[in-house]
2 protein chains.
Amino acid sequence: MALPGGGTEEPEPHRDSERPLQLCNPNIAAMKEDILYHFSLSTSSHDLPAMFGDVKFVCVGGSPSRMSAFIQYVAAELGLGRPGEEYPNICAGTDRYAMFKAGPVLSVSHGMGIPSIAIMLHELLKLLFHARCSGVTAIRIGTSGGIGLEPGSVVITRQAVDACFRPEFEQLVLGRRVVRSTELDARLVRELARCAAHLDEFPTVVGNTMCTLDFYEGQGRLDGALCSYTEQDKQEYLRAAHAAGVRNIEMESSVFAAMCSACGLPAAVVCVTLLDRLRGDQIGSPHDVLAEYQQRPQRLVGHFIKKSLAGAAAPASRSRCQ
Amino acid sequence: MALPGGGTEEPEPHRDSERPLQLCNPNIAAMKEDILYHFSLSTSSHDLPAMFGDVKFVCVGGSPSRMSAFIQYVAAELGLGRPGEEYPNICAGTDRYAMFKAGPVLSVSHGMGIPSIAIMLHELLKLLFHARCSGVTAIRIGTSGGIGLEPGSVVITRQAVDACFRPEFEQLVLGRRVVRSTELDARLVRELARCAAHLDEFPTVVGNTMCTLDFYEGQGRLDGALCSYTEQDKQEYLRAAHAAGVRNIEMESSVFAAMCSACGLPAAVVCVTLLDRLRGDQIGSPHDVLAEYQQRPQRLVGHFIKKSLAGAAAPASRSRCQ
């Protein structure tokens, strides 16, 4: 779906800003200490409510340096801190993930792929629970391959779907298959789409996002170390995905949607497309072009957060992006 | 299996040191340029044969800092470079992976989980192909949760198995299920076991390694953000795994075994156990204890490489660890 122009939309009902985070595990509240191993944080060595109790937006992305750049950008957008202020990595005790904070915004890296982001999300959700956070919104800002879009286009995910185009996340729990819904927050999608239309800086669409377990064979690339299909097979698969509403492909959205939804956290996925997969497999644009593309989800989400906070400060305004 | 004492084994037949690497993709040889995007390397901007043509051992592990420490350690073991010499990160143009080289040894980080290591392996196998490497051995050195072992024990993987204890790696290719064997090199297992017995520095066993897509629910932990089973369910699952020969659990071995096997690369997996999962879920040992545990696979594999190179220099000696 191409975005409509901004400014004439129905205002959204005001979000319940105190919606509490719910873990789906009664064991956690009973633990004497909880070691968040992959963050190098713990409930006994860190005062998590003091460190994180004011968090309202959690933004996650694959690359540590991109998430460091994002916190600098969003802090400047929100007028926080001094110009050029450095934000230290809160997880400096480990190199598994990096975490940065500026005011109500937390920025966390998650590496690549479903298992890597899932470890991070388990510990992030527990961190928010221990910190007694409420009214938190989670947004993944990432990169992806597009289908039938100009490179540099941004996709706001309507549904995260699997490699068979189903809005499901399947995992094995104690060796048994468990399927979870990958529902995302429809209101967030609309609000982000309005922000994109208002910004009007780059092409943005709302569409389905296919989440795969592999970057090469799993996404029909012809340039991996292993490949047993033809260009025609690939084109048929990608065109079938397009017909099912898929506009981009990445590797984390389904578990992100499933876990945030299970814990009552409104969640959105905003990814830029680095190439059009119908035209090729290699990411060959010059470095400066790719670097600018990667800033686009940051600019959209930074704008959304700024408008959201302005809306929260002035409750008469109910639409976040006008 | 507990290890026998060293010194009385049958010598191994000498490995074919010039076994060439085979990619399972005829497209690669025909490409004018191949951009190894997640390494920030390319066949047109880098002279890969000059940079990597002499590589004989590729060691991979999750953490960039651990793989940097490993290259320092193995360089000292092999008497390469000056004492305290720094080895630069060859992939400094990206923060997706880190890569270090000392003589014939390449050390590469792969992040956490099957998708993350799979991206790295596709590009690593193509790198070795473009560099015209031959006679390469691949070893994953990692961390894991043990089952029924003292924390700090090292497991040399006999078979990588899935969450249902099958020696299979399943993936979706163009939306269709493909199952690959997770066969590892039996001779490497024996040679590494002999080296461990010879070193005699820490408990080491040969056993099956379960490879899961999740660290919390996927491994039966009770301390994730989501958990819908009991301590008893968990114990039953882990005991069934133990009965199937599983001695440790990690998140990368199956695809590592499958991809190396498909490309004709002898491969082994050597992981230390950070805890005994029958006794708990949290990794709570002091930092210095965990740091020493994590050096154990490095010491074993460093010893193996040193002996292998000594054996190659003296072809009359056919058993690598004596």
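This structure is a prediction, so every number in the text was calculated from the model and none was measured. (Residues numbered from 1 in each chain as written. Chains lettered and ligands numbered in written order. Predicted model: local features only at pLDDT ≥ 70, side-chain atom pairs only at ≥ 80, totals over all residues. Heavy atoms only, no water.)

Draft legend 1. Quick look at the side chain of glutamine 298 of chain A. When you line up the elements, glutamine 298 of chain A lands in helix 7 (residues 287–313). Those residues in contact with glutamine 298 of chain A that lie beyond four places of it in its chain are Arg66, Ala69, Phe70, Tyr73 and Ile141 of chain A. (Helix = DSSP H or I, 4+ residues; strand = E, 2+ residues; numbered from the N terminus. Contact = heavy atoms within 4.5 Å.)

Draft legend 2. Inspection of the nonpolar core at higher detail. Leu300 and Ile305 of chain A together with Phe39, Leu124 and Leu128 of chain B are the most contacted members of the largest nonpolar core, which has 88 residues in total. Take this core: its biggest share by element is 10 residues, from helix 3 (residues 114–130) of chain B. Among residues more than four places away in sequence, those in contact with leucine 124 of chain B are Phe39, Val58, Val60, Leu106 and Val108 of chain B. In terms of nonpolar packing, the next biggest core, distinct from the first, is built from 87 residues, Phe52 and Cys91 of chain A together with Ile71 and Ala268 of chain B among them. (Core = buried A, V, L, I, M, F, W, Y, C linked by side-chain atoms within 4.5 Å. Buried < 20%, exposed > 50% of the residue type's maximum accessible area, 1.4 Å probe, protein only.)

Draft legend 3. Region of the structure containing the pattern of salt bridges. Tallied over the full model, the rule gives 32 salt bridges over all chains. Taking the shortest distance from any N to any O, the salt bridge between arginine 82 of chain A and glutamate 85 of chain A comes out at 3.9 Å. A salt bridge links arginine 296 of chain B to glutamate 292 of chain B; the shortest N-O distance between them is 2.9 Å. Separated by 4 residues within a single helix, arginine 296 of chain B and glutamate 292 of chain B lie in helix 7 (residues 287–313), roughly one turn from each other. (Salt bridge = Lys/Arg side-chain N within 4 Å of Asp/Glu carboxyl O.)

Draft legend 4. Expanded view of the environment of serine 40 of chain A. Residue and element names in this part refer to chain A. Examined against the element boundaries, serine 40 turns out to sit in the loop between strand 1 (35–36) and strand 2 (41–42). We classify serine 40 as partly exposed; its relative accessible area is 33%. Distance from serine 40 to cysteine 91, taken between C-alpha atoms, is 5.9 Å for residues 51 residues apart in sequence. When near neighbours in sequence (up to four residues on either side) are disregarded, serine 40 contacts His46, Gly93 and Thr94.

Draft legend 5. Quick peek at the side chain of aspartate 185 of chain A. One can find aspartate 185 of chain A in the loop between strand 9 (176–181) and helix 4 (186–199). A distance of 2.9 Å separates a polar atom in the side chain of aspartate 185 of chain A from the backbone nitrogen of leucine 188 of chain A. (Polar contact = N/O pair within 3.5 Å; in protein donor to acceptor, adjacent residues only side chain to side chain.)

Draft legend 6. Region of the structure containing the packing of aromatic side chains. Residues and elements named next belong to chain A. Tallied over the entire structure, the rule returns 8 aromatic pairs over all chains. Between phenylalanine 57 and phenylalanine 304, the ring centres sit 6.2 Å apart and the planes meet at 90°, which makes this aromatic pair edge-to-face. Residue phenylalanine 57 is found in strand 3 (residues 57–61), and its partner phenylalanine 304 is found in helix 7; the two are separated by 247 residues along the sequence. Given the relative accessible area of 0%, phenylalanine 304 is considered buried. When the ring centre of phenylalanine 215 is taken as origin, the NZ or CZ atom of arginine 221, which lies over that ring, is 3.8 Å away. (Phe/Tyr/Trp six-rings, centres within 6.5 Å; stacked < 30°, edge-to-face > 60°. Lys NZ or Arg CZ within 6 Å of the ring centre and 35° of its normal.)

Draft legend 7. How the structure looks around the environment of threonine 204 of chain A. Here threonine 204 of chain A is to be found in strand 10 (residues 204–211). Within the structure, the side chain of threonine 204 of chain A is placed 3.2 Å from the backbone oxygen of phenylalanine 202 of chain A, a separation counted as a polar contact.

Draft legend 8. Layout of the relation of the copies chain A and chain B. Each copy superposes on the other: chain A lies on chain B with an RMSD of 0.0 Å after a rotation of 180° and an axial shift of 0.0 Å. Taken together, these values place the two copies in the relation of a two-fold axis. The overlap is high: 100% of the interface residues of chain A also sit at the interface in chain B, so the same surface is used on both sides. (Least-squares fit on C-alpha atoms with pLDDT ≥ 70 in both.)

Draft legend 9. Just the layout of surface pockets, in detail. Estimated volume of the largest pocket: approximately 1,000 Å³. Every residue lining the largest pocket is counted, 43 residues in all, and those nearest its centre are Glu170, Leu172 and Leu213 of chain A together with Glu170 and Leu213 of chain B. Contributing elements (two or more residues each) for the lining of the largest pocket: helix 3 (114–130), strand 8 (168–173), strand 9 and helix 6 (253–262) of chain A together with helix 3, strand 8 (168–173) and helix 6 (253–262) of chain B. Residue composition of the lining of the largest pocket, grouped by class: 18 nonpolar, 10 polar and 15 charged. Looking at the second largest pocket, its volume works out to about 760 Å³. Counting only elements with at least two residues in the lining of the second largest pocket, the list comes to strand 2 of chain A together with helix 2 (64–77) and helix 7 of chain B. (1 Å grid on protein atoms, 1.4 Å probe; cavity = no way out; pocket = protein on both sides within 12 Å on 5 of 7 lines; lining within 4 Å. Points joined across faces, edges and corners; volume = space filled by probe spheres on them. Nonpolar A, V, L, I, M, F, W, Y, C, P; charged D, E, K, R; others polar.)

Draft legend 10. Geometry of helix 4 of chain A. Residues and elements named next belong to chain A. Between the first and last C-alpha of helix 4 there are 20 Å, a value that for 14 residues agrees with the 20 Å anticipated at 1.5 Å per step. Across the 14 residues of helix 4, 11 count as buried, placing the element largely inside the fold. Here helix 4 has its buried residues at Arg187, Leu188, Val189, Glu191, Leu192, Ala193, Arg194, Cys195, Ala196, Ala197 and Leu199. Capping the start of helix 4 is the job of one residue whose side-chain oxygen sits 3.1 Å from the backbone nitrogen of arginine 187: aspartate 185. Where helix 4 ends, the next residue or the one after it, aspartate 200, has phi of about 55°, a positive value. (Expected span 1.5 Å × (residues − 1).)

Draft legend 11. Layout of the UniProt feature "domain: Nucleoside phosphorylase" (unreviewed entry) in chain A. Here the UniProt-annotated "domain: Nucleoside phosphorylase" (unreviewed entry) positions come out as residues 56–306 of chain A. Between the end C-alpha atoms of residues 56–306 of chain A the distance is 12 Å, and the span holds 35% helix and 27% strand. (UniProt positions renumbered as here; feature names shortened; annotations may be inferred.)

Draft legend 12. Highlighting the domain arrangement of chain A. All names here are of chain A. Segmentation of chain A into domains returns domain 1 (27–135) and domain 2 (143–312). One C-alpha centre belongs to domain 1, the other to domain 2; they are set 22 Å apart. Every contact between the two is made by 23 residues of domain 1 and, on the other side, 22 residues of domain 2. Both sides together, the interface formed by domain 1 and domain 2 hides about 2,000 Å², and carbon and sulfur atoms give 80% of it. Seen at the junction of domain 1 and domain 2, the total is 0 salt bridges. Looking at the side of domain 1 that touches domain 2, the elements that each hand over two or more residues are strand 3, helix 2 (64–77) and helix 3. Here the side of domain 1 that touches domain 2 takes 7 residues from helix 3, the largest share from any one element. Of the residues that constitute the side of domain 1 that touches domain 2, the class distribution is 17 nonpolar, 4 polar and 2 charged. (Domains from an automatic or database assignment. Buried area = accessible area lost by both parts, 1.4 Å probe.)

Draft legend 13. Expanded view of the interface of chain A and chain B. The interface of chain A with chain B comprises 67 residues on the first partner and 67 residues on the second. A buried area of about 5,500 Å², summed over both sides, lies between chain A and chain B, and 59% of it is on carbon and sulfur atoms. A per-residue breakdown of the area chain A buries against chain B is headed by Met112, Leu174 and Ala225 of chain A, which together make up 14% of the total. Inspection of the region where chain A meets chain B yields 2 salt bridges. Viewed at the interface, chain B and chain A are joined by 26 residue pairs in polar contact (both at pLDDT 80 or more).

Draft legend 14. Broad picture of the pairing of strand 11 (residues 246–250) of chain B. Residue and element names in this part refer to chain B. Burial runs high along strand 11: 5 of the 5 residues are buried. As paired elements, strand 6 (residues 137–146) and strand 11 share 2 bridges and run antiparallel to each other. Residue pairing for strand 11: glycine 146 is matched across the bridge by asparagine 248. Where strand 10 (residues 204–211) and strand 11 come together, 4 bridges link them in parallel fashion. By the bridge assignment, asparagine 208 is partnered in strand 11 with valine 246. (Pairing = 2+ DSSP bridges.)

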